[in-house]
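# What the coordinates show
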Amino acid sequence: MALSFPQRLVFWTGVMALALAVTWAAGRLVHMRLHQRGVIIRDAVFAIVILTLFAPALWVFAWLVFSFGGQDAPSLSTVLPYGALFATGLLLIRHREFEAVEPPQPHPRLYQRLPEGFSGQVYRLTVRNHHVDVVTSQGTFTIRSRFTDAIAEMEPEPGHCAHRSHWVTRAAIAEVKRQKGKTFLLLCNGDEVPVSRKYHPGLEEAGVV
């Protein structure tokens, strides 16, 4: 309130612009890097990124406006609680937007070929003669299918062929291991899937290896 009306107008317009920019940047980061993670992890990272970016930016902007108006600029410790309050509000708004615009994702068609009541997560597909082993969080199930058909039935689940006999879901990849010139994908259940030379360039282009 120590600022004049034009200065307050500039200040709050700038605050809104900063909030929109930081929200957009945090949303893009979470969507690109953590789209396969749980909601709690995504929200926690979203809030941390907003607070990390917004609080210092708000303090610098406030310092510029107050200094230009000949007023004493607030300290960082004074601005930090406001940054945390804004981060909380932006997180709640994001929750409402997410619930309103994002429809539930359908299960891949392959799930219909698994035992009734299956509610786990598919980790990988492995071809075995005229059958395909479906390795999941609830065990391994064998179905009679061509390998290419089984992969097609996993749409829209993101995944990659690592070998002519192995297809893995993107969400199941925990780590990339290299041993004696060979590359392996370590899955979240502990399985190691070899990466053949044929599929290595594609995995490299996708940012997996």
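Located above this text is the structure these notes cover.
All of the points below concern the structure found in this document. What you see is a predicted model; the values in this text were computed from it and never measured.

It is worth spelling out the overall build of the chain at this point. Secondary structure assignment for the chain yields 5 helices and 8 strands. What you see in the chain, going N to C, is helices and strands ordered as α-α-α-β-β-β-α-β-β-β-β-β-α. Taken over 209 residues, the chain has a buried fraction of 33%. Of the contacts made within the chain by residues no fewer than 6 positions apart, 48% connect residues no fewer than 24 positions apart. Element-wise, carbon and sulfur atoms account for 60% of the exposed surface of the chain, whose accessible area totals about 13400 Å².

Moving on, we come to the pairing of strand β6 (residues 173-179). Sheet topology places β6 next to strand β7 (residues 182-187); 6 bridges connect them, and they run antiparallel. In the sheet register, V176 faces β7, and the bridge partner there is L185. Hairpin connection between β6 and β7: a loop of 2 residues separates the two successive antiparallel strands, and K180 in this loop has a positive phi of roughly 55°.

All right, on to the sheet that holds strand β1 (residues 122-128) then. Adjacent strands of a sheet form backbone hydrogen bonds with each other and so pair up, either parallel or antiparallel. Read across the sheet, 5 strands follow the order β3-β2-β1-β5-β4 without closing on themselves; strand pairing throughout is antiparallel. Looking at the sheet topology across the chains shown, the edges are occupied by β3 (139-144) and β4 (159-163). Each strand axis lies, on average, 20° off the axis of its neighbour in the sheet, ignoring direction. Of the pairings in the sheet, the one linking β1 to strand β5 (residues 166-169) comprises 3 bridges and is antiparallel in character. Within the sheet, the bridge partner assigned to T126 lies in β5 and is H166.

Another point: the pairing of strand β2 (residues 131-136). A large share of β2 lies buried, amounting to 5 of its 6 residues. Across 6 bridges, the pairing between β1 and β2 is antiparallel. Counted as the bridge partner of R124 is V135 from β2. Adjacent in sequence and paired antiparallel, β1 and β2 are bridged by 2 residues, among which N129 carries a positive phi angle near 55°. When β2 meets β3, the two strands line up antiparallel, connected through 6 bridges. For V134, the partnering residue across the bridge sits in β3 and is F141.

As summarised here, the arrangement of the 3 strands in space is β6-β7-β8, forming an open sheet in which the pairing is antiparallel. Of all strands in the sheet, those bounded by a partner on one side alone are β6 and β8 (192-195). This sheet shows a mean twist of 30° between the axes of neighbouring strands, independent of strand direction.

Looking now at a nonpolar patch on the surface. A cluster of nonpolar side chains, namely V60, W63 and L64, defines an oily patch on the protein surface of about 290 Å² accessible area. Relative to the helices and strands, W63 resides in helix α2 (residues 39-68). Note on W63: relative accessible area 44%, which makes it partly exposed.

What counts, and at which threshold
Residues numbered from 1 in each chain as written. Predicted model: local features only at pLDDT ≥ 70, side-chain atom pairs only at ≥ 80, totals over all residues. Heavy atoms only, no water. Helix = DSSP H or I, 4+ residues; strand = E, 2+ residues; numbered from the N terminus. Buried < 20%, exposed > 50% of the residue type's maximum accessible area, 1.4 Å probe, protein only. Contact = heavy atoms within 4.5 Å. Areas by Shrake-Rupley, 256 points an atom, 1.4 Å probe, with all protein chains shown as cover. Pairing = 2+ DSSP bridges. Axes fitted to C-alpha atoms, helices over the stretch in contact; angles between N-to-C directions. Patch = residues over 30% accessible without salt bridge, like charges linked within 9 Å, V, L, I, M, F, W, Y side chains within 5 Å. Salt bridge = Lys/Arg side-chain N within 4 Å of Asp/Glu carboxyl O.

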